[in-house]
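Here is how the chains run, residue by residue.
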Amino acid sequence: MSASGLIFTGLSCLFFMALVGVISWLKTRGTADTKDGYFLAGRGLGATFIAGSLLLTNLSAEQLIGLNGSAYGYNMSSMGWEVTAAVATIAMALIFLPKYLAGAFTTLPQFLNDRFDPVVRRMSVILFMLGYGLVTIPSVLYAGSVAVLLLFDVPGLTGLSYFQSLVATVVVIGITGSIYAIFGGLRAVAVSDTINGVGLLIIGVLVPVFGLIALGNGDFGAGLEQLGNAHPEKLNAIGDSDAPTPFGTLFTGMIFANLFYWCTNQYVIQRTLGAQSLAEGQKGVLFSGFFKILVPFMMMLPGVIAFHLYGPGLGSIDEAYPRLIRDVLPVYLSGFFLAVLLGAVFSSFNSLLNSAATLFSLDVYAPAKGDTASDAELVRVAKIASVVIALFSFVVAPMLYFAEQGLWQIIRVFTGFYNIPTVVIVIVGLFTSRVPALGAKLVIVFHVVTYGLLRFVFADDVTLHFLHQYAILFVAEVAIMLVCGWLRPREEAWQFTRNEKVDLTPWRFAKPLAVTLFSCVVATYLLFSPIGVASSTGPGALFAVLIGAIVIGNAAVWGWASRSSAANPDLRYQ
């Protein structure tokens, strides 16, 4: 890139970032002074901000590079992590969110305190805080910084060494992301996420379009034809046992990993807890599910296009997306792309920072003060905690450079220490009334010990895929809790305490839209399968029949929903 191109990229990036900052400031002035205002955006988030924030919180630089790299090096099987997440958003919208909003919970540990006891609350906070502070937040900063370095050759531009450039990028990204989380609270995070989400969608469409034009030597149609006819196996999402994501894992541990992430993970669900009503929350969550359906098209097809353009000769699969961006993206879009990339990193970082501070302020500091702290005091403590956690992450993130492989493995493994026990405890807690706190405590201890043994002591002997291990542990831990409820039930059955602070009227189209969303999951897998585009002859009659059946079924569901709505406008789905 020429010197003038670099200057244009930098200035246009600063312009777009400043625009996001100004809009976020205008939208959030005076809304972060109270506890609900700071931690839950005043319980006033609409569907647009919820969907946009969920999208950007979930998608970051590691997805842009990692998913495209997986498609370049293997096939489309890793889309399972993204597409099947839509099923978990359905569960969140129809099952979990109505309970969370009815109890007016601010944090998940607050619900666990209500359902079990303060000890379970403290144990869950410890797991979340260790995961966020030691692993997740530093890794998001590190991954985002590495993405910027790969895409824009920061060492070459600045004259700094790679590590010095990494440290500088970590600090710049971290400080900028912290501003939203520390000073604006959840609403500032949600507004900035939504604006950046629009940019991500634009870039997500443009990159494969430009890539196909390059593949077809200037002809989009020719590029699309080559993509479908040459190496159709690259478009196969039905992974075998050697694939990055075997297809069978979608029906075992993947279910529970997604339920944890979308239904019980504090830094994801916090924006849904700030919904202005149940209907708006359901709309936002379900719309985010549709965005997940788009991920294979936006964040994996470019990897397949890179394979067609460069062949298998790149030094690393992670070079596929950066190389494609450098080769096909016009200079006039480079600044916009950099702003979107940084926005995606900011989103994950500031969402994690905001949630970690929320957990510390409301689930550590407030109980220690006997829940007598004022709103102003809790907000002040949260801001101080955010600064401390951010500074700590600035120190830890660059250290990943020195032991990348080992620490990346720890990052992946560590989530397994708290995701399954969390989702087990929440599900059993919601749908039983006699299971005691003892069951939750036993599950946490059992899981940490057993999972640690499986991953570190018997890793060479137990070759079962870790997602299948998730499923086995889930079943075992549900059994532990139910046995505890049978042998030592609570003296008094737990009763859900309603504390309604927003309108809890369900959205009347939530269920039919959920059916359509699930249909899109099935249709996407049919498309990227041997009966779809992964066939050497392209989609055939069977594909057409199955897609036709899905369309007809959805038309019937929506026809019924429309007639029911017309007959009774006040109908409420229970």
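Heads up: these notes are all about the structure in this document. Just so it is clear, the structure is predicted and the values come from calculations on it, not from any experiment. (Residues numbered from 1 in each chain as written. Predicted model: local features only at pLDDT ≥ 70, side-chain atom pairs only at ≥ 80, totals over all residues. Heavy atoms only, no water.)

The subject of this paragraph is the side chain of Asn-419. In this fold, Asn-419 is placed in helix 19 (residues 404-431). According to the relative accessible area criterion, Asn-419 is buried, its value standing at 3%. Among the polar contacts made by the side chain of Asn-419, one reaches the side chain of Tyr-470 at a distance of 3.5 Å. (Helix = DSSP H or I, 4+ residues; strand = E, 2+ residues; numbered from the N terminus. Buried < 20%, exposed > 50% of the residue type's maximum accessible area, 1.4 Å probe, protein only. Polar contact = N/O pair within 3.5 Å; in protein donor to acceptor, adjacent residues only side chain to side chain.)

Moving on to the environment of Arg-326. Along the polypeptide, Arg-326 turns up in helix 16 (residues 320-328). Classification of Arg-326 by relative accessible area gives partly exposed; the value is 47%. Spatially, the C-alpha atom of Arg-326 lies 21 Å from that of Ser-161, the residues being 165 residues apart in sequence. Leaving out residues up to four positions away in the same chain, Arg-326 has contacts with Leu-150 and Leu-151. (Contact = heavy atoms within 4.5 Å.)

This part is about the pattern of salt bridges. Following the criterion strictly, the structure yields seven salt bridges and no others. With a closest N to O distance of 2.7 Å, Asp-363 and Arg-121 form a salt bridge. Taken together, the residues span a long stretch of sequence, with Asp-363 in helix 17 (residues 334-368) and Arg-121 in helix 8 (residues 118-152) at a distance of 242 residues. Arg-121 carries the same exposure label as Asp-363, and that label is buried. (Salt bridge = Lys/Arg side-chain N within 4 Å of Asp/Glu carboxyl O.)

Among the structural elements, Phe-247 can be located in the loop between helix 11 (220-229) and helix 12 (253-264). Phe-247 sits in the partly exposed class, given a relative accessible area of 27%. In sequence terms Phe-247 and Gly-159 are 88 residues apart; their C-alpha atoms lie 46 Å from each other.

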